[in-house]
Amino acid sequence: LHARGLHHWAQDNPNTGDLNIDAGETALSLYDLRRLKDAMRYGVTFFLTSFNIRRQISAFYQEGGSQAASQHGSFVWSPSQVGMPVAVWDGTPIIASDYMVAEQVNTGNGADARAKRTSGTNMHSIFAVKIGAPSLMQVDPGLILGFGGQDRANGEFFKAERFDKLEDYDAAGLRLVSYVNLLAGSTMAVGRIFDITDTLPSE
């Protein structure tokens, strides 16, 4: 069984609508992004998207897509803890990842997994993610990484398996085994906008 990813949690969310928005094969709508953020009642730790979409948001504000003076302060580049610039929109960081690749249009709803692009126009998604802080004393509404398995001490992420001799190698070996999965603490831990084209956002 493979790990359940962000698309899984977003499309299986019973609270559809503003937490699972189909962009309709058009540019990202900043109004839709505000709808998504408002629907995340427990807050948004960060937005996650491709470098393409983050680049388009940046260009919208910095190279002339947005003409309204009142909007210019809603997007900034802020230094991270290690000094690297992080894009921030409406007070929320936008994290770009190489794992957010171009996607196949009209996939990722119902029984269909969101598929990597094989034909047609490149489509992209943006996620709103609330990171959880799990505790034995209370239920957390955010997204956490669960782990466990047999022969595992309390709090032990990996189980180590040692080999005195590896086949075809003059050496010993060590294998680390772990069973992990993403767990959503509430229906508002993850939201998404999908089927976004690689073009400047609209207001």
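Just so it is clear, the structure is predicted and the values come from calculations on it, not from any experiment. (Residues numbered from 1 in each chain as written. Predicted model: local features only at pLDDT ≥ 70, side-chain atom pairs only at ≥ 80, totals over all residues. Heavy atoms only, no water.)

Just give me the short version of the environment of Ser-186, but keep the residues and values in it.
Examined against the element boundaries, Ser-186 turns out to sit in the loop between strand E10 (179-184) and strand E11 (190-196). As for Ser-186 and Gly-142, which are separated by 44 residues in sequence, their C-alpha atoms are 6.5 Å apart. In this structure, Ser-186 is in contact with Tyr-42 and Pro-141, ignoring residues within four places of it in sequence. Among the polar contacts made by the side chain of Ser-186, one reaches the main-chain amide nitrogen of Met-188 at a distance of 3.1 Å. (Helix = DSSP H or I, 4+ residues; strand = E, 2+ residues; numbered from the N terminus. Contact = heavy atoms within 4.5 Å. Polar contact = N/O pair within 3.5 Å; in protein donor to acceptor, adjacent residues only side chain to side chain.)

Tell me what's going on with the sheet that holds strand E4 (residues 85-89), and back it up with residues and numbers.
Read from one edge to the other, the open sheet built from seven strands follows the order E1-E11-E6-E2-E5-E4-E3, with strand pairing classed as mixed. Two strands bound the open sheet, and with one partner strand each, they are strand E1 (20-26) and strand E3 (75-79). Pairs of neighbouring strands in the sheet enclose a mean axial angle of 25°, with direction left out of account. In terms of strand pairing, strand E2 (residues 46-49) meets strand E5 (residues 92-96) through three bridges, oriented parallel. Opposite Thr-49, over in E5, you have Ala-96 as the bridge partner. Sheet strands touched by helix H2 (residues 30-39): E1, E2, E4, E5, strand E6 (124-129) and E11. Its angle to E11, the strand with the most contacts, is close to 160°. With respect to the sheet, helix H3 (residues 51-62) is in contact with E2, E3, E4, E5, E6 and E11, its orientation differing from that of E3 by roughly 115°. (Pairing = 2+ DSSP bridges. Axes fitted to C-alpha atoms, helices over the stretch in contact; angles between N-to-C directions.)

Tell me about H3, and name the residues and values.
Given a rise of 1.5 Å per residue, twelve residues ought to cover 16 Å, and the 16 Å separating the end C-alpha atoms of H3 matches this to within 8%. When we look at burial in H3, the residues that qualify are Ile-53, Arg-54, Gln-56, Ile-57, Ser-58, Ala-59, Phe-60 and Tyr-61. (Expected span 1.5 Å × (residues − 1). Buried < 20%, exposed > 50% of the residue type's maximum accessible area, 1.4 Å probe, protein only.)

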